[in-house]
Amino acid sequence: MASNQPDRGQRGLPGGKPKYSAFAIAKKAMNYHQDWQRAWRDAEPKAEYDAVIIGGGGHGLATAYYLAAVHGMTNIAVVEKGWLGCGNTGRNTTIIRSNYLWDESAAIYEHSMKLWEGMSQDLNFNVMFSQRGVLTIAHSEHELREMSRRVHAIRLNGIDSDILGPQEIKKFVPAINIDQSIRYPVMGGFLQKRGGTARHDAVAWGYARAADDLGVDIIQNCEVLGIQRQGGKVTGLDTTRGPIKTKKVGCVVAGHSSVIAAMAGIRLPLASRPLQALVSEPIKPILDTVIMSNAVHMYISQSDKGEMVLGAGVDKYNSYAQRGSFPVPEHMINAAVELFPVLSRLRMLRHWGGIVDTCPDASPIISKTDIDGLYFDCGWGTGGFKATPGSGHVFADLIANDRPNKIAAPYSLSRFQTGLLIDEHGAAGVAH
Amino acid sequence: MLIINCPHCGPREESEFACGGEAHIARPLAQNSLSDAEFADYLFLRDNPKGLFLERWRHTTGCRRWFNVARDTVTHEIVEIYPMGKTPKSKAGKAAYSDSWRRATPAEAAAKPGGAK
């Protein structure tokens, strides 16, 4: 599995759009950067498309891009009710890793990791993918043992994963507190060196620009109001910018999946929850990797701007409000300060929430539905960003061929009837 | 931070409570008469409305008792708090209860004594 390289299709703007390069920057400087081309057209909706993707976030734009680049479907559109990447794509903590316990998860997240590894070249857009490592900390003997079991399972799937002791962790992350007297002492950890971070906005923009280059229409400020059906088949969409005919609709709308599903009379096993994150004021570089902790439940990295980026778990109630409650950020700050006492006097700069679609087994849904031509890619919960390219790649394959490929097949909606769940709760390290 | 008016202890901060998710999911008594898909409605499928949501809360660090809350998932406004085993009394709460797709499921019919198909 791990040796298979994904089919990247036509790479590097074959449609003829002018490319970004160091040379282009130098050349444009002569003209005071006045004549940079638009990254993508502001497309008017056509009367009919071969397929329409609902949702202009990373996953939706990736789906559209791979439909065009790999499957040659260029008469397609992405409709987005706001602006590109205005939802969870621009609200996550940008962590990327593929060190999942179960084979099904390893397959899709590693598929994604391979696509990340070539993404900037594929899209001719610097997504600032930085393989700075993701280190998950264990705080008890039991957790450490469970972790080594997971590390071996991950390695059997051909994915890099190493156990570190407290001293090795201190060497790798000098700012961390490994004093054994704290409430949750650092007992060890496991590291995925290929993990890291990327610039989340750039992912949306890069996919949008490359999809546009291949002829995909990207239609912003266009909210879907209804899904037209006839005889159990999709025939089109009603939107705020008029009806659009199409026989294939891919829904990639995260927290609003249940709302779109209800338009077609479909029910999904999802709960929409707020997931909060925050950044501190910028400081000089102190952390050049990503630290996650399951027991104290917090993850932290430092952005290129110097802000400490923190995230934790979801709020405990359903919400569509894109904001959460204060106890959650307070909890993650407590955890961060215990592990990194040096952060205690930092001030918070920004704090926000996104609405994530959580699934009962903490694994996504990539599936056909009972309605012909209606497909869902949802349920990514708190862990969707890292899966952006892999999700788009397999979902495009599902839409183009009307059957899930080997990677997507386990993520069918039918698993909630057969009981073949992919239970990544706890198994996934920190809550994704 | 939500301020939740516990019917037993009065208004307290959200951090004292646990949210138990969708309310009014009755366990099917005649579960053998249900298909896997019908049983999945009970076991896995959850209402996830954008708007008024009927949910259970528990005053975990207070009286430890359960109760039902009708809360808007967009504004977070709590419209009504009512006891376990009862249905909502407010107009919006009544509508949310009767309009839920769950009312029409075979799993719910099978939850009532003698209600199996």
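Cut-offs and rules
- Residues numbered from 1 in each chain as written.
- Chains lettered and ligands numbered in written order.
- Predicted model: local features only at pLDDT ≥ 70, side-chain atom pairs only at ≥ 80, totals over all residues.
- Heavy atoms only, no water.
- Helix = DSSP H or I, 4+ residues; strand = E, 2+ residues; numbered from the N terminus.
- Buried < 20%, exposed > 50% of the residue type's maximum accessible area, 1.4 Å probe, protein only.
- Contact = heavy atoms within 4.5 Å.
- Buried area = accessible area lost by both parts, 1.4 Å probe.
- Salt bridge = Lys/Arg side-chain N within 4 Å of Asp/Glu carboxyl O.
- Polar contact = N/O pair within 3.5 Å; in protein donor to acceptor, adjacent residues only side chain to side chain.

## So, the overall build of chain B
Line of reasoning, step 1. Counting its regular elements, chain B contains 3 helices and 6 strands.
Line of reasoning, step 2. Taken from N to C terminus, the helices and strands of chain B fall in the order β-β-β-α-β-β-β-α-α.
Line of reasoning, step 3. C-alpha atoms of chain B, sized along the principal axes, occupy 45 × 25 × 20 Å.
Line of reasoning, step 4. Split into buried and exposed, the 117 residues of chain B put 39% on the buried side.

## Describing the interface of chain A and chain B
Accessible area lost on assembly of the parts is the figure often given for the size of an interface.
Line of reasoning, step 1. Of the residues lining the interface, 25 residues belong to chain A; the matching set on chain B comes to 26 residues.
Line of reasoning, step 2. Buried surface at the junction of chain A and chain B, both sides included, amounts to about 2,100 Å², of which 56% is carbon and sulfur.
Line of reasoning, step 3. In this structure, Asp41 of chain B and Arg267 of chain A form a salt bridge, with 3.0 Å as the shortest nitrogen-oxygen distance.
Line of reasoning, step 4. There are 15 residue pairs in polar contact (both at pLDDT 80 or more) connecting chain A and chain B.
Line of reasoning, step 5. Going through the elements one at a time, helix H8 (257-263), strand S14 (271-280) and helix H11 (415-418) of chain A are the ones with two or more residues in the side of chain A that touches chain B.

## Considerations on the pattern of salt bridges
Line of reasoning, step 1. Taken as a whole and judged by the stated rule, the model has 25 salt bridges over all chains.
Line of reasoning, step 2. Residues Asp122 of chain A and Arg8 of chain A are paired through a salt bridge, measuring 2.7 Å at the closest nitrogen-oxygen approach. Separated by 114 residues along the polypeptide, Asp122 of chain A in helix H4 (residues 119-123) and Arg8 of chain A in the segment before helix H1 (22-29) bring together distant segments of the chain.
Line of reasoning, step 3. Given the relative accessible area of 14%, Arg8 of chain A is considered buried.
Line of reasoning, step 4. Ionic pairing is found between Glu55 of chain B and Arg71 of chain B, a salt bridge with its closest N-O pair at 2.5 Å.

## Quick notes on the environment of Leu343 of chain A
Residue and element names in this part refer to chain A.
Line of reasoning, step 1. Counting through the fold element by element, Leu343 comes out in the loop between helix H9 (327-339) and strand S18 (348-358).
Line of reasoning, step 2. By relative accessible area, which is 9% here, Leu343 ends up buried.
Line of reasoning, step 3. Distance in space between the C-alpha atoms of Leu343 and Ala175 is 9.5 Å, their sequence separation being 168 residues.
Line of reasoning, step 4. Those residues in contact with Leu343 that sit more than four places away from it in its chain are Ile286, Ile300, Met308, Ala336 and Val337.

## Describing unusual backbone geometry
Line of reasoning, step 1. Positive phi values are uncommon outside glycine, yet Leu13 of chain A reaches one of about 55 degrees.
Line of reasoning, step 2. Within the element layout of this structure, Leu13 of chain A appears in the segment before H1.
Line of reasoning, step 3. By relative accessible area, Leu13 of chain A is classed as buried at 5%.
Line of reasoning, step 4. Of note in the backbone geometry, His76 of chain B takes a positive phi value of approximately 70 degrees without being a glycine.
Line of reasoning, step 5. Secondary-structure assignment places His76 of chain B in the loop between strand S5 (66-72) and strand S6 (78-82).

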